[in-house]
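Coordinates in review
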Amino acid sequence: MGPERAAQLARLGVLTIGDLLEHRPRRHEDRRHPRAIASLELGQPTLLRGTLVAQGARRLRGGRGLFEFILDDGTARLHCRWWNMPYMDGWFRTGDEMLVFGKLASQKPRAMDHPETERVEAGDDAPVHMDRIVPIYPLTEGLPQRWLRSLAWSIVHAHAPSVPEPAYTVENLPTRAAAFGHLHFPDELDDSERARQRLALDEFVDFQADLRRRRMAVQSRARATACAGHGRWSKQLLASLPFKLTGAQQRVLGEIQRDLAASVPMRRLLHGDVGSGKTVVAAAAITTVAECGRHTLLMAPTEILADQHARLLRTWLEPLGITVALRTRHHHDSTESGFASRGPILVVGTHALLEESFQLPEVGLVIIDEQHKFGVEQRNRLLRKGACPHLLVMTATPIPRTLALTLYGDLDVSVIDHLPGGRGAVRTHVRAADRLPRVMDFIRAELQRGRQAYVVYPRVGEESEEATPADVKGVEREAGRLERAFAPHRVGMLHGRMSAEEKERIMQSFRTGALSVLLATTVVEVGVDVPNATVMLVENAECFGLTQLHQLRGRIGRGPHAAHFILLSDQKTPAVLERMAVLTRTQDGFEVAEADLRLRGPGDLLGQNQSGMPPFRFGDLSRDLSLIDRARAIASKLRA
Ligand code: ADP
Ligand code: MG
């Protein structure tokens with residue numbers, strides 16, 4: 001082909017024969033079963049087959065050129081017309097057998113404008129664009145569908161049959177050779193889906209095998225410090241808590257401590273719904289590592305969360321002689337004193353921990369909270385701060401199993417599957433916006449009883465992001481109104497545009513109860529822990545994603561009192577109703593996550609930070625769970 005076509009293909013990522021084989025059609029079009037011209041109706045794209053009986057070019061009044069030929073299939077005649085394409089004159093031969101695909105534009109005379117055509121060749125050279133299920137490819141500027149399809153046809157026929165099978169056998173799906181054929185030119189529409197599944201399976205196997213290899217490489221080469229610990233501090237820590245660990249917490253702590261005691265570096269994901277009590281498990285792990293004289297780094301995605309962790313862990317760990325330091329963009333505790341005393345240190349921080357200038361020797365454990373907010377690259381950078389430390393990542397976003405298996409396939413998983421008891425249940429209510437006055441009465445009554453409330457808006461102020469609808473209320477605009485409505489209870493405002501100090505000051509006032517109501521954007525989504533807050537009102541709830549709403553809901557119901565999650569929305573589209581229904585139906589984060597994946601697909605669910613997201617060409621994380629399971633089983637039997 002010429003350089004221009006080659007450049008166009010390159011823009012599609014097609015540089016080799018293999019790339020073209022893997023260039024997935026966007027969809028297929030069924031161009032089989034020619035219809036009788038006499039039976040045609042307007043509008044429906046259809047295939048016709050007949051003889052070209054006459055042709056000619058004309059110039060019309062107004063200067064437009066018309067070329068047309070007449071197709072006769074024995075039932076009727078059809079005018080096939082092309083406007084302003086004079087060069088078509090001379091392309092066709094009268095008397096040829098033709099296939100024509102297009103939509104009927106008029107009945108009298110029966111005519112199609114700019115249909116696709118293909119001559120029926122004598123012999124067995126099948127027509128490529130007609131009389132079959134044809135692929136419709138994603139294209140790029142200047143690249144004609146037909147040209148690409150012809151190329152695919154010749155390449156698929158020349159090369160797909162010699163695509164080899166991998167080292168494992170796959171039952172009940174086509175071979176790779178057949179799959180590449182059917183992916184492009186299936187005999188039936190189902191065939192292309194089965195072809196996709198086969199290629200997706202291989203893709204998942206490769207991915208899983210790669211994860212396994214990397215993991216085995218780490219674990220066979222690297223030696224972590226085995227931290228069995230003397231156990232006295234951990235015991236003291238647990239005795240000092242106002243609660244007993246739940247069975248689930250004890251179990252996962254046991255799993256973590258077993259890992260820490262080994263010289264194979266731990267790579268573990270601690271997976272637990274919001275409020276399941278991951279922090280205290282982390283604290284116990286930090287203590288075990290400290291018992292061996294090693295330090296810990298704990299990274300959290302926001303300053304509020306880092307600060308909250310630092311405060312809480314200070315009260316738990318400093319009595320044991322562990323120094324707790326905070327490091328964020330705005331706050332650098334010195335770790336010098338810790339070195340001087342030679343005691344173990346915990347540094348809690350945000351991304352600031354990743355800065356080159358920050359170094360701490362003897363890091364035995366790295367913990368990442370709300371892991372899904374970070375990319376894999378950030379995880380690895382933090383790990384490089386120590387000499388092969390143990391790694392514990394924690395997430396409150398329950399990830400559907402498909403995603404967990406692919407994204408976290410290189411991690412062992414511990415799950416806290418029971419929330420601590422002694423909690424009030426959270427009830428979820430969906431209300432139309434005109435019920436706001438009654439909702440406000442309800443919130444006032446809660447405040448009267450000494451409880452606290454969150455009110456959440458989807459955006460900050462008037463000048464906010466263009467994506468939010470014009471009628472969405474802004475936090476700033478609402479603040480005044482709410483202050484009056486809730487007086488004498490005090491209302492504070494929290495949003496992403498405030499400085500870190502301001503945010504922290506507000507959070508602190510809310511924590512101490514000086515503020516009764518916190519008016520906020522989704523800053524409160526992650527990790528904030530105020531057990532006395534029992535109500536959350538979310539306005540314009542339709543603007544939020546399902547997982548996001550579930551995360552918000554996790555901020556309440558953390559104390560002994562019954563809690564209420566109130567969603568205000570006037571939108572009644574099926575998608576919105578479905579999201580709300582999921583939330584009222586279940587409190588189980590895994591169920592919410594599965595539903596979210598089903599409703600939105602994996603990209604959105606993971607957010608832009610998931611730079612570690614594998615780009616699957618054929619695999620579809622929202623529906624290929626059983627293929628992923630199969631792939632895992634296959635990969636585990638492969639020789640490394
Ligand atoms: P998350 O898993 O969302 O990070 P947290 O660690 O913030 O949850 O815990 C939520 C709340 O539950 C905190 O107030 C914590 O002190 C409390 N908590 C944790 N474990 C228990 C337990 N076993 N019994 C009672 N309360 C607990
Ligand atoms: Mg947490």
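Scroll up for the structure.
What this report covers is the structure whose coordinates are included nearby. (Residues numbered from 1 in each chain as written. Chains lettered and ligands numbered in written order. Predicted model: local features only at pLDDT ≥ 70, side-chain atom pairs only at ≥ 80, totals over all residues. Heavy atoms only, no water.)

Let us now look at the pattern of salt bridges. Using the criterion set out here, one finds 33 salt bridges in the structure. A salt bridge links Glu-22 to Arg-617; the shortest N-O distance between them is 3.5 Å. Of this pair, Glu-22 sits in the loop between helix H2 (17–21) and strand S1 (27–31) while Arg-617 sits in the loop between helix H19 (602–606) and helix H20 (625–637), placing them 595 residues apart in sequence. For Glu-22, a relative accessible area of 26% translates into the label partly exposed. For Arg-617, a relative accessible area of 38% puts it in the partly exposed group. Among the salt bridges present, the one from Arg-268 reaches Glu-255, with a minimum N-O distance of 3.8 Å. (Salt bridge = Lys/Arg side-chain N within 4 Å of Asp/Glu carboxyl O. Helix = DSSP H or I, 4+ residues; strand = E, 2+ residues; numbered from the N terminus. Buried < 20%, exposed > 50% of the residue type's maximum accessible area, 1.4 Å probe, protein only.)

Their axes nearest at 10 Å, the elements helix H16 (residues 546–553) and helix H17 (residues 574–585) cross at an angle of 35°. As for the relative orientation of H16 and H17, their crossing is right-handed in sense. Contacts from Leu-546, Leu-549, His-550 and Arg-553 of H16 reach H17 at Arg-579, Val-582 and Leu-583. In the contact of H16 with H17, the residues fall into four nonpolar, one polar and two charged. (Axes fitted to C-alpha atoms, helices over the stretch in contact; angles between N-to-C directions. Left-handed = near helix turned anticlockwise from the far one by under 90°. Contact = heavy atoms within 4.5 Å. Nonpolar A, V, L, I, M, F, W, Y, C, P; charged D, E, K, R; others polar.)

With that out of the way, let us pick up the sheet that holds strand S14 (residues 390–395). Strand order in the open sheet made by the seven strands is S11-S12-S10-S13-S14-S9-S15, with parallel pairing throughout. Every other strand in the sheet has two partners, leaving strand S11 (323–327) and strand S15 (412–416) as the edge strands with one partner each. The average angle at which neighbouring strand axes cross in this sheet is 20°, direction not considered. Pairing of strand S9 (residues 267–272) with S14 involves five bridges; the strand directions are parallel. The residue of S14 that forms the bridge with Leu-270 is Met-394. (Pairing = 2+ DSSP bridges.)

All right, on to the side chain of Glu-291 then. Among the structural elements, Glu-291 can be located in helix H8 (residues 278–291). The side chain of Glu-291 sits in the buried core without any salt bridge; Arg-232 is the nearest counter-charge, 7.5 Å away. Of the polar contacts made by the side chain of Glu-291, one reaches the backbone nitrogen of His-230; its length is 3.1 Å. In this view, Glu-291 contacts Gly-229, His-230, Gly-231, Arg-232, Trp-233 and Ser-234; residues no more than four positions away in its chain are not counted. (Lys, Arg positive; Asp, Glu negative; His and termini not counted. Polar contact = N/O pair within 3.5 Å; in protein donor to acceptor, adjacent residues only side chain to side chain.)

This paragraph deals with the packing of helix H9 (residues 303–317) against helix H15 (residues 500–512). For the pair H9 and H15, the least separation of the axes is 10 Å and the interaxial angle reads 50°. The orientation of H9 with respect to H15, classified from their angle, is oblique. Pair H9 / H15 crosses with right-handed handedness. From H9, Glu-303, Ile-304, Asp-307, Gln-308 and Arg-311 reach across to H15, where they touch Ala-500, Lys-503, Glu-504, Met-507, Gln-508 and Arg-511. Broken down by class, the residue content of the contact of H9 with H15 amounts to three nonpolar, two polar and six charged. (Parallel < 35°, antiparallel > 145°, perpendicular 65-115°, else oblique.)

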